[in-house]
Amino acid sequence: MAPGRAIADKGNDRGAVSSMVGLIWKTHFMRYYHITLWAMALAVVTSWATAFLWYLATIAGACIRSVLEKKMQKKAQSGNLPASSHWAYPLIATFANSFWAVAPYLAWTGGHPYGEMLAVILLASGYMLVTTQFRGFPKYILLFGSPYTLVIVYLLALEVNAPIFWPFAVGLVALFSAKYFAIVYGSLAHRQIVEGQAAQDKLIKELEKARDEAEAANKAKSTFLAMISHELRTPMNGVLGAARLLARSDLNKDQRDHLYILEASSSSLMTLLNDILDFSKIEAERLTFERIEVDIKALLERLAGAWRGIAAEKGLTFDMAIPDTLPGRVMSDPTRISQILHNLLSNAVKYTPEGIVRFEAHVSDQNDRNIELTVHVKDSGPGIRRDDLQRLFQPFEQLDASRTRTHGGTGLGLAIARQLANNMGGDIRVESEEGKGSVFTVIFRFDVVDWATGAAGENAADVTGAVCAIPKRILVVEDHPLNCKLIESFLVPLGHRLTFANNGRQALEALRDTCFDVILMDVHMPKMDGLEATRLIRAGDSANAGRPIIMLSAGAMAEERKEGMKAGADTYVTKPIDPDELVAAIERFTEDKPGQPTRSEPETVGP
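Residues numbered from 1 in each chain as written. Predicted model: local features only at pLDDT ≥ 70, side-chain atom pairs only at ≥ 80, totals over all residues. Heavy atoms only, no water.

Undergrad: Explain unusual backbone geometry here, please?
TA: With the exception of glycine, the majority of residues adopt a negative phi angle, and the majority of peptide bonds are in the trans configuration. One non-glycine residue with positive phi stands out, namely K527, at about 70 degrees. Here K527 is to be found in the loop between β10 (518-522) and α16 (530-539). (Helix = DSSP H or I, 4+ residues; strand = E, 2+ residues; numbered from the N terminus.)

Undergrad: Would you explain the pairing of strand β8 (residues 473-477) in this entry?
TA: Regular strands place their side chains on alternate faces of the sheet. Burial runs high along β8: five of the five residues are buried. In β8, alternate side chains face the same way, and those of R473, L475 and V477 on one face and I474 and V476 on the other are all buried. Sheet topology note: the β8/strand β9 (residues 497-501) ladder contains five bridges and is parallel. Within β9, the position partnered with V477 by the bridge is A501. As for the winding sense of the linkage, the β-α-β connection from β8 through helix α14 (residues 481-491) to β9 is right-handed. (Buried < 20%, exposed > 50% of the residue type's maximum accessible area, 1.4 Å probe, protein only. Pairing = 2+ DSSP bridges. Right-handed = clockwise from strand over helix to strand, strands pointing away.)

Undergrad: I tried to follow the pattern of salt bridges on my own but got confused; where do I start?
TA: A side chain of one charge can pair with a side chain of the opposite charge if their charged atoms are brought near each other. Applying the stated criterion across every chain, the model contains 13 salt bridges. Taking the shortest distance from any N to any O, the salt bridge between R418 and D427 comes out at 3.8 Å. Its relative accessible area of 27% is what places D427 among the partly exposed residues. Its salt-bridge partner being E433, residue K436 comes within 3.6 Å of it at the nearest N-O pair. For K436, a relative accessible area of 60% puts it in the exposed group. Taking the relative accessible area as the measure of exposure, E433 reaches 45% and is therefore partly exposed. Several salt bridges share partner residues, and in doing so they unite D319, R358, E360 and K378 into one network. (Salt bridge = Lys/Arg side-chain N within 4 Å of Asp/Glu carboxyl O.)

Undergrad: Whenever I open this one, the packing of aromatic side chains confuses me. Can you help?
TA: Each aromatic ring pair is described using two quantities: the centre-to-centre distance and the angle formed by the ring planes. What the rule picks out here adds up to five aromatic pairs. On the basis of an interplanar angle of 75 degrees and a centroid distance of 5.1 Å, the ring pair of W38 and W100 is categorised as edge-to-face. Residue W38 is located in helix α2 (residues 29-45), and its partner W100 is located in helix α4 (residues 85-109); the two are separated by 62 residues in the primary sequence. For W100, a relative accessible area of 7% translates into the label buried. Measuring from centroid to centroid gives 5.7 Å for F444 and F446, while their planes differ by 15 degrees, and the two rings are stacked. Pair check on accessibility: F444 and F446 agree, each one buried. Three or more aromatic residues link up through ring pairs in this structure, and these residues are W38, W54 and W100. (Phe/Tyr/Trp six-rings, centres within 6.5 Å; stacked < 30°, edge-to-face > 60°.)

Undergrad: So what exactly am I meant to see when it comes to a nonpolar patch on the surface here?
TA: Among the surface-exposed residues, M30, Y33, L37 and M40 lie close enough to one another that they form a single nonpolar patch of about 390 Å² accessible area. Inspection of the secondary structure assignment puts M30 in helix α2. (Patch = residues over 30% accessible without salt bridge, like charges linked within 9 Å, V, L, I, M, F, W, Y side chains within 5 Å. Areas by Shrake-Rupley, 256 points an atom, 1.4 Å probe, with all protein chains shown as cover.)

Undergrad: Mind showing me how you'd approach the environment of L531 here?
TA: Within the element layout of this structure, L531 appears in helix α16. Classification of L531 as buried rests on a relative accessible area of 13%. For the pair formed by L531 and E563, sequence separation is 32 residues and the distance between their alpha carbons is 7.5 Å. When residues no more than four places from it in sequence are discounted, the contact partners of L531 are V523, M551, E563, G564 and A567. (Contact = heavy atoms within 4.5 Å.)

Undergrad: Can you walk me through the nonpolar core in this structure?
TA: Within soluble globular proteins, side chains that are nonpolar tend to cluster in buried spots. Grouped together as the largest cluster of nonpolar side chains are 43 residues, with contacts concentrated most on I296, L300, I340, L341, F359, L373 and F444. At the level of secondary structure, the elements contributing two or more residues to this core comprise β1 (292-294), α10 (296-313), α11 (334-351), β4 (356-366), β5 (370-379), α13 (413-423), β6 (427-432) and β7 (438-450). Beyond its immediate sequence surroundings of up to four residues, F359 is in contact with L300, A304, F318, D319, M320, A321, I322, L341, L345, V375, H376 and V377. (Core = buried A, V, L, I, M, F, W, Y, C linked by side-chain atoms within 4.5 Å.)

Undergrad: Explain the environment of E434 to me, please; I cannot follow it from the model alone.
TA: Relative to the helices and strands, E434 is located in the loop between β6 and β7. Residue E434 is classed as exposed on the basis of its relative accessible area of 55%. Distance from E434 to I384, taken between C-alpha atoms, is 5.1 Å for residues 50 residues apart in sequence. If we ignore the near neighbours within four places in the chain, the residues touching E434 are P382, G383, I384 and R385.

Undergrad: Explanation requested: the sheet that holds β8 in the structure shown.
TA: For sheets, the rule is that strands pair by backbone hydrogen bonds, running either parallel or antiparallel. Strand order in the open sheet formed by five strands is β9-β8-β10-β11-β12, with parallel pairing between adjacent strands. For this open sheet the edge positions go to β9 and β12 (571-574), each flanked by a neighbour on one side alone. Taken pair by pair, the neighbouring strands of this sheet meet at an average axis angle of 25 degrees, ignoring direction. Its contacts with the sheet put helix α15 (residues 504-513) on β8, β9 and β10, and the angle it makes with β8 is roughly 160 degrees. Helix α18 (residues 579-590) rests against β8, β10, β11 (549-553) and β12 of the sheet, and its axis sits at about 165 degrees to β12. (Axes fitted to C-alpha atoms, helices over the stretch in contact; angles between N-to-C directions.)

What follows is the structure in structure tokens.
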């Protein structure tokens, strides 16, 4: 035998012994049960004293074997099973079986009329026990069963001239044939089980590897989306910001037409970007929702009012029916409500070439604390075929997927809208008939804060063109010159005085010399980012430690927002910056908080 093959065989022997010990140890208590049964049977054909002595000796051998098996099992589990185990354990088991093999001999020679019959039964039982226990290890079956074989040889020699010899010999041939069949069959079955387990283990490892790769890919996708979101939103912030500033200046008709194209194209790009990011967050189950007070009537009127003008430009009639009986304030997420209804209104106006678009809302169910609000968006457009209704809310589905389709889009809008509605406890349904228009129905469920119709919550306020009652001292921590210019254009005309810092370190230096009313903090900056700077500000003991900090970020992932709030920020304003949203945030967190005296006049640290 080659040395390598010998080493491999020894390794296999050690593995086989380890497996045997583990299997036998799990059922070792059963041996005491069989020993007791054998002793009771032996007492019938011999004497109680003989049976009891055999019982004590066999129990002692079994206990010794159990103790040794337990020690070997512990070593096998720890991987310290010695190399000698491949022959030590078989010897231990064979020694213990020798006590068992004495029972058939005692039964045969006990002189009882049925002693010989019991001896044959015990021999068959002994072989069956050995074969069953070690069916996966055929070469050990012969060794462990050798005590019974020696007894059979002795009994044959003892009865060679007796009439029972030939019946006994023929019966033994049948017994060994059955044993051989059991060994072969058991070995094949065990091999199939082992191969099946090996294939299963391999499959499990492959699945675990695939899972790990999928998780890594998903993490990489999330990281990429966060990065690309920031990179895309930063230039978009400049485009939309500049467009808003141009809209406030004196322009001729051609210039306003060009500005309209610029704003519409930029808004379309932002819509596509937001759809892709929202869909990715929905897939990853990371979409977050706010629960804040909302003046739902004002929100619906403002949203419908914005689309009234767009529909009029297209030559459509826009009807709106919003009852005055809606509650004053409810708890919900105004951004997600607007996103859902904006998508439905956008589709209604976009796909209706002529006719009417109707926006109506009514309370379909209510009690003292909750309402169910149903919103219908109806249009007189071309309608949708019944076969297409089933795939209308499927991601990336376009009912007109041809190269000549007249309307763009990703096919994500309705899928995202329904998912948002479902996550908010509602749903979206559609009824449509080809050639007769469509009706999209959204069901919202809200907790009522105040039934009295009146001033909206802080998020329903319209601050377009607002001028601050009290000018604020504001520290703007932003590394991008374009963003600094836009923020300056938004806030300086309102009377605010700005100090700029390029990064977190410069911000900390500025905060040591000047007291500010509010801090605008970008997240991604060189040298020290906004998160670290915010933590240091909150941990400090300066007069600015408790000042409102508004995070400015082009990142749209929920994880970044959570990190910012955990660091100590008061709120987030996402880029591209909406000047109205920024002004509203500043007013909200500095309301009734007059400017603090400063140790020196603010100086511009950055651009």
